[in-house]
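A structural walkthrough
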Amino acid sequence: MRIGVIGGGAWGTALAQVAARGGEDVLLWAREGEVVEGVNLHHRNDLFLPGVSLSPSIRATHDLSQLSDRDALLVVAPAQHVRAVLSQLPVGTTPLVLCAKGIEAGTKLLVGEVAHQVAPQAPLAVLSGPTFAHEVAAGKPTAVTLACEDEGLRTRLAERLAGPAFRTYGSGDLVGAEIGGAVKNVLAIACGVVEGAGLGLNARAALIARGFAEMTRFGLARGAQAETLTGLSGLGDLVLTCSSTNSRNFSLGLGLGQGKQAAALMADRKTVAEGAFTAPVLREAARDAGIDMPVTRAVNDLLEGAPVARVIEELLSRPLREELQ
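Below you will find a few notes about this structure. (Residues numbered from 1 in each chain as written. Predicted model: local features only at pLDDT ≥ 70, side-chain atom pairs only at ≥ 80, totals over all residues. Heavy atoms only, no water.)

Along its length, the chain carries 15 helices and eight strands. Its C-alpha atoms give the chain a radius of gyration of 19 Å, near enough to 20 Å, the size a compact globule of 325 residues would have. Along the three orthogonal principal directions, the C-alpha set of the chain runs to about 55 × 35 × 35 Å. A total of 325 residues make up the chain; the buried ones form 54% of that total. Restricting the contact set of the chain to residue pairs at least 6 apart, pairs at least 24 apart contribute 67%. Carbon and sulfur atoms make up 53% of the accessible area of the chain, which totals about 13,900 Å². (Helix = DSSP H or I, 4+ residues; strand = E, 2+ residues; numbered from the N terminus. Rg over C-alpha atoms; globule rule 2.2 N^0.38 Å. Buried < 20%, exposed > 50% of the residue type's maximum accessible area, 1.4 Å probe, protein only. Contact = heavy atoms within 4.5 Å. Areas by Shrake-Rupley, 256 points an atom, 1.4 Å probe, with all protein chains shown as cover.)

See below:
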(Lines give C-alpha, C1' and ligand atoms only; values in the text may rest on other atoms or scores of the structure.)
Protein backbone atom coordinates (compact mmCIF):
# COMPACT_ATOMS: atom_id res chain seq x y z
CA MET A 1 0.00 0.00 0.00
CA ARG A 2 1.63 3.24 -1.19
CA ILE A 3 1.02 5.97 1.37
CA GLY A 4 0.79 9.70 0.75
CA VAL A 5 0.81 12.25 3.56
CA ILE A 6 -0.91 15.61 3.16
CA GLY A 7 0.76 18.06 5.52
CA GLY A 8 4.45 18.61 6.21
CA GLY A 9 4.21 19.81 9.80
CA ALA A 10 5.53 17.90 12.80
CA TRP A 11 2.66 15.40 12.94
CA GLY A 12 2.56 14.78 9.20
CA THR A 13 6.31 14.22 9.13
CA ALA A 14 6.14 11.87 12.11
CA LEU A 15 3.42 9.83 10.41
CA ALA A 16 5.48 9.70 7.23
CA GLN A 17 8.29 8.28 9.35
CA VAL A 18 5.90 5.65 10.75
CA ALA A 19 4.70 4.70 7.27
CA ALA A 20 8.26 4.52 5.92
CA ARG A 21 9.60 2.05 8.46
CA GLY A 22 10.85 -1.03 6.68
CA GLY A 23 11.82 1.01 3.64
CA GLU A 24 8.26 1.52 2.34
CA ASP A 25 7.83 4.32 -0.21
CA VAL A 26 6.07 7.40 1.25
CA LEU A 27 5.29 10.70 -0.49
CA LEU A 28 4.88 13.76 1.75
CA TRP A 29 3.15 16.92 0.51
CA ALA A 30 4.15 20.21 2.15
CA ARG A 31 3.42 23.85 1.35
CA GLU A 32 6.83 25.06 2.49
CA GLY A 33 9.64 24.86 -0.04
CA GLU A 34 12.25 24.53 2.69
CA VAL A 35 10.46 21.45 4.06
CA VAL A 36 10.41 19.81 0.62
CA GLU A 37 14.07 20.61 0.06
CA GLY A 38 15.11 19.50 3.55
CA VAL A 39 13.34 16.15 3.28
CA ASN A 40 14.58 15.38 -0.24
CA LEU A 41 18.17 16.54 0.16
CA HIS A 42 18.95 16.00 3.83
CA HIS A 43 16.22 13.62 5.13
CA ARG A 44 15.24 16.20 7.75
CA ASN A 45 12.43 18.63 8.50
CA ASP A 46 14.23 21.17 10.62
CA LEU A 47 11.40 23.70 10.36
CA PHE A 48 8.82 21.59 12.18
CA LEU A 49 10.58 18.46 13.52
CA PRO A 50 14.20 19.41 14.24
CA GLY A 51 16.72 16.84 15.36
CA VAL A 52 15.05 13.85 13.70
CA SER A 53 16.71 11.90 10.91
CA LEU A 54 14.02 10.76 8.47
CA SER A 55 13.89 7.59 6.46
CA PRO A 56 15.47 7.95 2.97
CA SER A 57 12.32 6.33 1.55
CA ILE A 58 10.31 9.48 2.35
CA ARG A 59 10.09 11.83 -0.61
CA ALA A 60 8.52 15.29 -0.45
CA THR A 61 6.65 17.41 -2.99
CA HIS A 62 4.76 20.70 -3.13
CA ASP A 63 2.63 19.42 -6.04
CA LEU A 64 -0.62 17.85 -4.79
CA SER A 65 -1.24 16.15 -8.12
CA GLN A 66 1.72 13.84 -7.47
CA LEU A 67 -0.33 12.16 -4.75
CA SER A 68 -2.89 10.91 -7.27
CA ASP A 69 -1.21 7.47 -7.59
CA ARG A 70 -1.24 6.72 -3.84
CA ASP A 71 -3.25 3.82 -2.42
CA ALA A 72 -4.18 5.76 0.74
CA LEU A 73 -3.74 9.34 1.93
CA LEU A 74 -3.09 10.47 5.49
CA VAL A 75 -4.73 13.90 5.77
CA VAL A 76 -2.74 15.90 8.32
CA ALA A 77 -3.48 19.46 7.16
CA PRO A 78 -4.96 21.68 9.94
CA ALA A 79 -8.70 21.13 10.31
CA GLN A 80 -9.62 24.57 8.98
CA HIS A 81 -7.69 23.89 5.74
CA VAL A 82 -8.84 20.33 5.01
CA ARG A 83 -11.68 21.40 2.70
CA ALA A 84 -9.43 23.64 0.58
CA VAL A 85 -6.66 21.05 0.32
CA LEU A 86 -8.94 18.15 -0.61
CA SER A 87 -10.73 20.35 -3.15
CA GLN A 88 -7.45 20.69 -5.04
CA LEU A 89 -6.88 16.95 -5.21
CA PRO A 90 -8.85 14.49 -7.40
CA VAL A 91 -9.31 11.99 -4.58
CA GLY A 92 -11.88 9.73 -6.26
CA THR A 93 -12.07 6.47 -4.32
CA THR A 94 -8.66 6.73 -2.62
CA PRO A 95 -9.08 6.03 1.12
CA LEU A 96 -8.54 9.08 3.33
CA VAL A 97 -7.15 8.63 6.83
CA LEU A 98 -8.08 11.79 8.71
CA CYS A 99 -5.42 12.81 11.22
CA ALA A 100 -6.43 16.46 11.78
CA LYS A 101 -8.32 17.31 14.96
CA GLY A 102 -10.94 20.04 14.95
CA ILE A 103 -14.34 21.30 13.85
CA GLU A 104 -14.73 23.45 10.74
CA ALA A 105 -15.65 27.07 11.40
CA GLY A 106 -18.93 28.20 9.91
CA THR A 107 -20.30 24.75 9.10
CA LYS A 108 -19.62 23.18 12.54
CA LEU A 109 -18.76 19.98 10.68
CA LEU A 110 -16.26 17.41 11.87
CA VAL A 111 -13.30 16.82 9.56
CA GLY A 112 -14.84 13.53 8.41
CA GLU A 113 -18.06 15.30 7.46
CA VAL A 114 -16.06 17.87 5.50
CA ALA A 115 -14.12 15.12 3.71
CA HIS A 116 -17.36 13.32 2.81
CA GLN A 117 -18.74 16.51 1.25
CA VAL A 118 -15.61 17.12 -0.82
CA ALA A 119 -14.86 13.48 -1.71
CA PRO A 120 -18.11 11.52 -1.30
CA GLN A 121 -16.73 8.35 -2.96
CA ALA A 122 -13.62 8.11 -0.79
CA PRO A 123 -13.63 5.60 2.10
CA LEU A 124 -12.81 7.36 5.37
CA ALA A 125 -10.81 6.43 8.44
CA VAL A 126 -9.73 8.43 11.49
CA LEU A 127 -6.40 8.08 13.28
CA SER A 128 -6.29 9.74 16.70
CA GLY A 129 -4.82 9.24 20.14
CA PRO A 130 -2.22 10.46 22.66
CA THR A 131 0.64 11.35 20.35
CA PHE A 132 3.44 13.87 20.55
CA ALA A 133 5.03 14.01 17.10
CA HIS A 134 8.65 14.00 18.23
CA GLU A 135 8.13 10.85 20.30
CA VAL A 136 6.38 9.05 17.44
CA ALA A 137 9.14 10.01 15.01
CA ALA A 138 11.79 8.81 17.48
CA GLY A 139 10.10 5.40 17.68
CA LYS A 140 8.94 5.65 21.29
CA PRO A 141 5.99 3.43 22.27
CA THR A 142 2.68 4.90 21.14
CA ALA A 143 -0.89 3.60 20.87
CA VAL A 144 -3.66 5.14 18.78
CA THR A 145 -7.24 4.56 17.72
CA LEU A 146 -7.74 3.71 14.04
CA ALA A 147 -11.44 4.09 13.31
CA CYS A 148 -13.00 2.91 10.05
CA GLU A 149 -16.45 1.51 9.32
CA ASP A 150 -15.05 -0.83 6.64
CA GLU A 151 -13.46 -3.63 8.67
CA GLY A 152 -11.40 -4.90 5.73
CA LEU A 153 -9.91 -1.48 5.04
CA ARG A 154 -9.33 -0.95 8.74
CA THR A 155 -7.34 -4.18 8.88
CA ARG A 156 -5.25 -3.29 5.83
CA LEU A 157 -4.47 0.18 7.17
CA ALA A 158 -3.58 -1.22 10.59
CA GLU A 159 -1.23 -3.77 9.06
CA ARG A 160 0.42 -1.06 6.97
CA LEU A 161 0.87 1.52 9.74
CA ALA A 162 1.39 -0.56 12.88
CA GLY A 163 4.90 -1.39 14.06
CA PRO A 164 6.67 -2.66 17.17
CA ALA A 165 6.35 0.75 18.85
CA PHE A 166 3.24 2.06 17.07
CA ARG A 167 0.14 0.12 18.08
CA THR A 168 -3.21 0.69 16.39
CA TYR A 169 -6.45 -0.27 18.13
CA GLY A 170 -9.38 -0.65 15.77
CA SER A 171 -12.81 0.95 16.06
CA GLY A 172 -15.84 1.51 13.87
CA ASP A 173 -16.71 4.80 15.61
CA LEU A 174 -15.35 7.62 13.45
CA VAL A 175 -17.44 10.28 15.18
CA GLY A 176 -16.18 9.35 18.63
CA ALA A 177 -12.55 9.28 17.51
CA GLU A 178 -12.91 12.71 15.92
CA ILE A 179 -14.74 14.38 18.80
CA GLY A 180 -12.21 13.22 21.37
CA GLY A 181 -9.39 14.73 19.34
CA ALA A 182 -11.21 18.02 18.74
CA VAL A 183 -12.56 18.71 22.22
CA LYS A 184 -9.38 17.76 24.08
CA ASN A 185 -7.52 20.61 22.35
CA VAL A 186 -9.88 23.14 23.92
CA LEU A 187 -9.62 21.50 27.32
CA ALA A 188 -5.81 21.46 27.08
CA ILE A 189 -5.88 25.26 26.78
CA ALA A 190 -7.91 25.37 30.00
CA CYS A 191 -5.40 23.15 31.80
CA GLY A 192 -2.58 25.37 30.61
CA VAL A 193 -4.41 28.33 32.12
CA VAL A 194 -4.59 26.49 35.45
CA GLU A 195 -0.81 25.97 35.33
CA GLY A 196 -0.06 29.53 34.22
CA ALA A 197 -2.26 31.01 36.93
CA GLY A 198 -0.65 28.82 39.61
CA LEU A 199 -3.91 27.16 40.69
CA GLY A 200 -2.30 23.83 41.57
CA LEU A 201 -2.56 20.16 40.69
CA ASN A 202 -5.88 19.65 42.47
CA ALA A 203 -7.47 22.20 40.17
CA ARG A 204 -5.93 20.63 37.08
CA ALA A 205 -7.19 17.16 38.00
CA ALA A 206 -10.68 18.53 38.66
CA LEU A 207 -10.63 20.38 35.35
CA ILE A 208 -9.61 17.27 33.42
CA ALA A 209 -12.46 15.32 35.01
CA ARG A 210 -15.08 18.02 34.44
CA GLY A 211 -13.74 18.65 30.96
CA PHE A 212 -14.09 14.98 30.16
CA ALA A 213 -17.71 15.21 31.27
CA GLU A 214 -18.17 18.01 28.71
CA MET A 215 -16.50 15.91 26.01
CA THR A 216 -18.80 13.01 26.84
CA ARG A 217 -21.99 15.10 26.76
CA PHE A 218 -21.05 16.63 23.42
CA GLY A 219 -19.84 13.37 21.94
CA LEU A 220 -22.93 11.38 22.85
CA ALA A 221 -25.14 14.12 21.44
CA ARG A 222 -23.27 13.87 18.13
CA GLY A 223 -23.58 10.09 17.96
CA ALA A 224 -20.27 8.97 19.47
CA GLN A 225 -19.97 5.77 21.49
CA ALA A 226 -19.13 6.21 25.17
CA GLU A 227 -16.47 3.47 24.94
CA THR A 228 -14.59 5.44 22.28
CA LEU A 229 -14.56 8.56 24.43
CA THR A 230 -13.06 6.62 27.34
CA GLY A 231 -10.37 5.18 25.07
CA LEU A 232 -7.15 6.36 23.48
CA SER A 233 -8.66 9.01 21.20
CA GLY A 234 -10.72 10.52 24.03
CA LEU A 235 -9.54 10.23 27.60
CA GLY A 236 -6.07 9.05 26.60
CA ASP A 237 -5.42 12.04 24.37
CA LEU A 238 -6.98 14.37 26.93
CA VAL A 239 -4.63 13.25 29.71
CA LEU A 240 -1.56 13.70 27.52
CA THR A 241 -2.36 17.14 26.14
CA CYS A 242 -3.53 18.46 29.52
CA SER A 243 -0.29 17.50 31.24
CA SER A 244 2.68 18.80 29.24
CA THR A 245 4.10 21.96 27.73
CA ASN A 246 4.93 19.83 24.68
CA SER A 247 1.26 20.34 23.85
CA ARG A 248 0.80 23.47 21.73
CA ASN A 249 -2.65 23.99 23.22
CA PHE A 250 -1.43 23.59 26.80
CA SER A 251 1.38 26.07 26.07
CA LEU A 252 -1.11 28.59 24.70
CA GLY A 253 -3.19 28.25 27.86
CA LEU A 254 -0.07 28.62 29.98
CA GLY A 255 0.54 32.03 28.43
CA LEU A 256 -3.09 33.03 28.89
CA GLY A 257 -2.93 32.01 32.54
CA GLN A 258 0.09 34.28 32.96
CA GLY A 259 -1.95 37.21 31.68
CA LYS A 260 -0.70 37.33 28.10
CA GLN A 261 -3.02 38.04 25.17
CA ALA A 262 -4.03 35.28 22.77
CA ALA A 263 -3.23 37.29 19.63
CA ALA A 264 0.34 37.93 20.77
CA LEU A 265 0.87 34.31 21.81
CA MET A 266 -0.42 32.93 18.51
CA ALA A 267 1.47 35.42 16.36
CA ASP A 268 4.74 34.08 17.75
CA ARG A 269 4.11 30.47 16.63
CA LYS A 270 5.19 28.47 13.59
CA THR A 271 2.69 25.74 14.45
CA VAL A 272 -1.07 25.79 14.93
CA ALA A 273 -2.80 25.46 18.31
CA GLU A 274 -5.98 23.90 16.92
CA GLY A 275 -7.90 24.45 20.14
CA ALA A 276 -7.94 28.21 19.59
CA PHE A 277 -9.83 27.71 16.32
CA THR A 278 -12.02 24.89 17.59
CA ALA A 279 -13.12 26.67 20.79
CA PRO A 280 -15.54 29.22 19.27
CA VAL A 281 -17.00 26.62 16.90
CA LEU A 282 -17.44 24.14 19.75
CA ARG A 283 -19.14 26.79 21.88
CA GLU A 284 -21.61 27.57 19.09
CA ALA A 285 -22.29 23.91 18.36
CA ALA A 286 -22.89 23.19 22.04
CA ARG A 287 -25.20 26.19 22.38
CA ASP A 288 -27.19 25.16 19.31
CA ALA A 289 -27.63 21.66 20.75
CA GLY A 290 -28.43 22.84 24.29
CA ILE A 291 -25.32 21.17 25.76
CA ASP A 292 -23.79 22.72 28.88
CA MET A 293 -20.03 23.23 28.38
CA PRO A 294 -18.81 25.81 30.94
CA VAL A 295 -15.10 25.04 30.54
CA THR A 296 -15.39 25.56 26.78
CA ARG A 297 -17.16 28.89 27.34
CA ALA A 298 -14.44 29.94 29.79
CA VAL A 299 -11.70 29.17 27.25
CA ASN A 300 -13.49 31.30 24.69
CA ASP A 301 -13.77 34.18 27.15
CA LEU A 302 -10.03 34.02 27.76
CA LEU A 303 -9.22 33.86 24.04
CA GLU A 304 -11.38 36.95 23.59
CA GLY A 305 -9.39 38.84 26.22
CA ALA A 306 -11.36 38.38 29.44
CA PRO A 307 -9.27 38.72 32.64
CA VAL A 308 -8.10 35.38 34.01
CA ALA A 309 -9.20 36.15 37.59
CA ARG A 310 -12.73 36.99 36.49
CA VAL A 311 -13.13 33.86 34.36
CA ILE A 312 -11.85 31.63 37.17
CA GLU A 313 -14.19 33.30 39.68
CA GLU A 314 -17.16 32.74 37.37
CA LEU A 315 -16.33 29.05 36.99
CA LEU A 316 -15.89 28.51 40.73
CA SER A 317 -19.11 30.35 41.60
CA ARG A 318 -21.35 28.21 39.40
CA PRO A 319 -24.29 26.61 41.27
CA LEU A 320 -23.54 23.26 42.91
CA ARG A 321 -24.88 20.23 41.07
CA GLU A 322 -24.85 16.44 41.03
CA GLU A 323 -21.63 15.11 39.47
CA LEU A 324 -23.31 12.79 36.97
CA GLN A 325 -25.61 15.41 35.47
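Ranked by internal contacts, the top residues of the largest apolar core, which has 45 residues, are Val183, Phe218, Leu252, Leu256 and Leu303. Sorting the residues of this core by element identifies helix H7 (174-196), helix H8 (201-221), helix H11 (248-257), helix H12 (262-267), helix H13 (274-289), helix H14 (294-303) and helix H15 (308-316) as the ones contributing at least two each. No other element matches the eleven residues that H7 contributes to this core. Look past the residues within four positions of Leu303 in its chain and what remains in contact with it is Leu252, Leu256, Ala262, Ala276 and Ala279. Counting 40 residues, the second largest nonpolar core, distinct from the first, contains Ala30, Val39, Leu54 and Ile58. (Core = buried A, V, L, I, M, F, W, Y, C linked by side-chain atoms within 4.5 Å.)

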